[in-house]
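As a plain string of letters, each chain reads:
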Amino acid sequence: MEGMGRKAAAEELMKTEVLQVVEERGRNQECASATQPELLDPQTQHPYAFHVSGPRNVPSINWRDLISSTWKDGKYKRTVIACFIQAVYLLELDRQENRSDETVLAPKWWIPFKYKLVETLIDERDGSIFGAILEWDRAAALADFVLMRPSGAPRAVLVLRGTLLKSPTIRRDIEDDLRFLAWESLKGSVRFSCAFKALKFISDKYGSTNVCIAGHSLGAGFALQVGKALAKEGVFVEAHLFNPPSVSLASSLRNMGEKAGTMWKRVMRSMLPSSSDQTLADDGGEEAKSSVTLGSKQWVPHLYVNNSDYICCYYTDPVGAEVSNSNAAAAADKENAKPPQANVACAAKLFVFSKGKQKFLEAHGLEQWWSDDLELQMAVSNSKLISRQLKSLYSVPPPQQSPSKNRLT
């Protein structure tokens, strides 16, 4: 009997130990299962997720914006519009990777700012998404007690992405890159006509003062030329251009021609009598005399360039005198400040980011424009390149004078 009691006690002790081990393993599995989805969720840890690579310390739109609008802060506006452009890149990536409604990345880049997607711009050549129209989301704003659109917030934004180095769309992107490189013009692209129709539509619908156009890299090139085409019709919309392309074969040839012309005039001045100097001077000023400035209203795009980015750095070449250091410092604090007046009619709000020597991908990237430590300066008010590109907006041929008729006596 005593042996049977010891056996029963040993079995009971063994059962207790087994149950303890099972319970401990169960608790460990519960803890692992609770943390595993967060670790393995590809959307949560994706490098392009808004909370991973998006801006930090961005104020949320709330009822206080009815009193003092956050959109009047140039830094906030630049950050939000850069996020909108990032959303267009992700719209195409979501399409290429066949992401579901639960795993898409793009909406997170416009929802926090109370905007919604109303239309995507499709390249008919390959079906890729190269642009989008975002509108103020009144329903989302009302949910946070924002009863009306804050002052300075656009009713609609047309945003255009740049080159995406992915096989489904890289061919058409590079094709347009080469188009600009060769001719400094994108009007022959199907994307130009599509973007122009979209911008004209929202301008007619909401008014030119309530819309804006923005782009990055190749998209900035399209935005500049589309905005210019609409400005020629007398419709001026706000434009924000990040890392716009400034290098082209046509521009290089034009610069060579200008230098050759300058050298030829110097040679002629040295060979001809001094009395001919006035004739040469008159010929050189003929272009200035053959144009008439159209009023005081200007289309003044916002250009954001990085000195280390060789694609856009040529926009910093001044056409005249640079802005003084005091004016540059003031412009750095006020991104909404108007550019100083100059003799040249063509002007742009040119914001330059200088951070020493940077790698190209960093200097040309979009992420830099919403970083917290970004410091900008309005280096020049009239860039040589932008003045040449916008010159046709403000000049018209001189009025033709009818020949005087001789009276017969």
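As shown above, the structure is provided for reference.
Each value, and the rule that gives it
Residues numbered from 1 in each chain as written. Predicted model: local features only at pLDDT ≥ 70, side-chain atom pairs only at ≥ 80, totals over all residues. Heavy atoms only, no water. Helix = DSSP H or I, 4+ residues; strand = E, 2+ residues; numbered from the N terminus. Buried < 20%, exposed > 50% of the residue type's maximum accessible area, 1.4 Å probe, protein only. Contact = heavy atoms within 4.5 Å. Areas by Shrake-Rupley, 256 points an atom, 1.4 Å probe, with all protein chains shown as cover. Expected span 1.5 Å × (residues − 1). Salt bridge = Lys/Arg side-chain N within 4 Å of Asp/Glu carboxyl O. Pairing = 2+ DSSP bridges. Axes fitted to C-alpha atoms, helices over the stretch in contact; angles between N-to-C directions. Phe/Tyr/Trp six-rings, centres within 6.5 Å; stacked < 30°, edge-to-face > 60°. Arc of directions from axis to C-beta. Patch = residues over 30% accessible without salt bridge, like charges linked within 9 Å, V, L, I, M, F, W, Y side chains within 5 Å. Parallel < 35°, antiparallel > 145°, perpendicular 65-115°, else oblique. Left-handed = near helix turned anticlockwise from the far one by under 90°. Nonpolar A, V, L, I, M, F, W, Y, C, P; charged D, E, K, R; others polar. Polar contact = N/O pair within 3.5 Å; in protein donor to acceptor, adjacent residues only side chain to side chain.

Secondary structure summary: the chain contains 14 helices and 8 strands in total. The buried share among the 409 residues of the chain stands at 41%. In the chain, the share of contacts with a sequence separation of at least 24, taken over all contacts with a separation of at least 6, comes to 77%. Roughly 23,400 Å² of accessible area belongs to the chain as shown, and the carbon and sulfur atoms make up 55% of that amount.

Counted at 1.5 Å a residue, the expected span for helix 4 (residues 74-96) with its 23 residues is 33 Å, and the 34 Å between its end C-alpha atoms agrees. Most of helix 4 is tucked away: 20 of the 23 residues are buried.

With that settled, the discussion passes to the pattern of salt bridges. Counted by the stated rule, this structure contains 17 salt bridges. When the shortest N-O distance is used, the salt bridge between Arg99 and Asp94 registers 3.2 Å. Taken as a pair, Arg99 and Asp94 share a single burial class, namely buried. Among the ionic pairs, Asp176 bridges to Arg191, the shortest N-O distance being 3.8 Å. Taken together, the positions of Asp176 in helix 6 (residues 170-183) and Arg191 in helix 7 (residues 190-206) put the pair 15 residues apart, joining distant regions of the chain. What you see here is one network of salt bridges that share partners, running through Asp123, Arg125, Arg161, Arg172, Asp173, Glu175, Asp176, Arg179 and Arg191.

Below, the discussion takes up the sheet that holds strand 6 (residues 302-306). Read from one edge of the open sheet, 8 strands run 1-2-3-4-5-6-7-8, paired in mixed fashion. The strands lining the two open edges of the sheet, one partner per strand, are strand 1 (115-122) and strand 8 (376-378). Adjacent strand axes in the sheet meet at a mean angle of 20°, parallel and antiparallel pairs treated alike. Two elements, strand 2 (residues 129-136) and strand 3 (residues 156-160), share 5 bridges in a ladder whose sense is antiparallel. Residue pairing in the sheet places Gly131 in a bridge with Leu160 of strand 3.

Before going further, it helps to spend a moment on the packing of aromatic side chains. Evaluation of the coordinates by the stated rule reveals 15 aromatic pairs. Consider the rings of Tyr304 and Phe351, whose centres lie 5.4 Å apart with planes at 15°: the pair is stacked. Residue Tyr304 is located in strand 6, and its partner Phe351 is located in strand 7 (residues 349-353); the two are separated by 47 residues in the primary sequence. Here Tyr304 matches Phe351 in class, with each residue buried. Taken together, the ring pairs connect Phe50, Trp71, Tyr76, Phe84, Trp109, Phe113, Tyr115, Trp136 and Trp370 into an aromatic cluster.

This paragraph deals with helix 6. Compared with the 20 Å implied by 1.5 Å per residue over 14 residues, the 20 Å span of helix 6 between its first and last C-alpha is a close match. Buried residues of helix 6: Arg172, Asp173, Asp176 and Phe180, and no others. The buried residues of helix 6 occupy an angular sector of 105° when projected down its axis, which confines them to one face. For helix 6, the exposed residues set more than 90 degrees away from the buried face come down to Arg171 and Leu178. The secondary structure elements touched by the buried residues of helix 6 are helix 7 and helix 8 (218-231). Directly beyond the C-terminal end of helix 6, a positive phi value near 60° is found at Glu184.

Here we come to the pairing of strand 5 (residues 238-242). Extensive coverage of strand 5 is indicated by the burial of 4 of its 5 residues. Relative to strand 5, strand 4 (residues 211-216) runs parallel, the two being bridged by 5 bridges. Along strand 5, the bridge assignment pairs Ala214 with His240. By the bridge criterion, 3 bridges tie strand 5 to strand 6 in an arrangement that is parallel. Residue pairing in the sheet places Phe242 in a bridge with Tyr304 of strand 6.

With that settled, consider the pairing of strand 1. The pairing of strand 1 with strand 2 spans 7 bridges and is classified as antiparallel. Note on strand 2: the bridge partner recorded for Tyr115 is Trp136. Hairpin geometry of strand 1 and strand 2 is characterised by an intervening segment of 6 residues between the two adjacent antiparallel strands and by a positive phi of about 75° at Gly127.

Next up on the list: a nonpolar patch on the surface. On the surface, a nonpolar cluster with roughly 800 Å² of combined accessible area is contributed by Trp63, Leu66, Ile67, Leu142, Phe145, Leu147 and Met148. Along the chain, Leu142 turns up in helix 5 (residues 138-143).

Relative to each other, helix 6 and helix 8 sit at 55°, their axes nearing to 10 Å. When the axes of helix 6 and helix 8 are compared, the pair comes out oblique. As helix 6 packs across helix 8, the resulting crossing turns out to be left-handed. Seen from helix 6, the contacting residues are Asp173, Asp176, Asp177 and Phe180; seen from helix 8, they are Leu218, Phe222 and Gln225. Taken together, the residues of the contact of helix 6 with helix 8 break down into 3 nonpolar, 1 polar and 3 charged.

Before going further, it helps to examine the side chain of Ser53. Looking at the element boundaries, Ser53 is found in helix 3 (residues 50-53). By relative accessible area, which is 11% here, Ser53 ends up buried. A distance of 3.0 Å separates a polar atom in the side chain of Ser53 from the backbone oxygen of Pro47. If near-sequence neighbours (up to four positions away) are discounted, Ser53 is found in contact with Pro47, Tyr48, Trp109, Glu367 and Trp370.

Keep in mind these numbers describe shape, not what the thing actually does.
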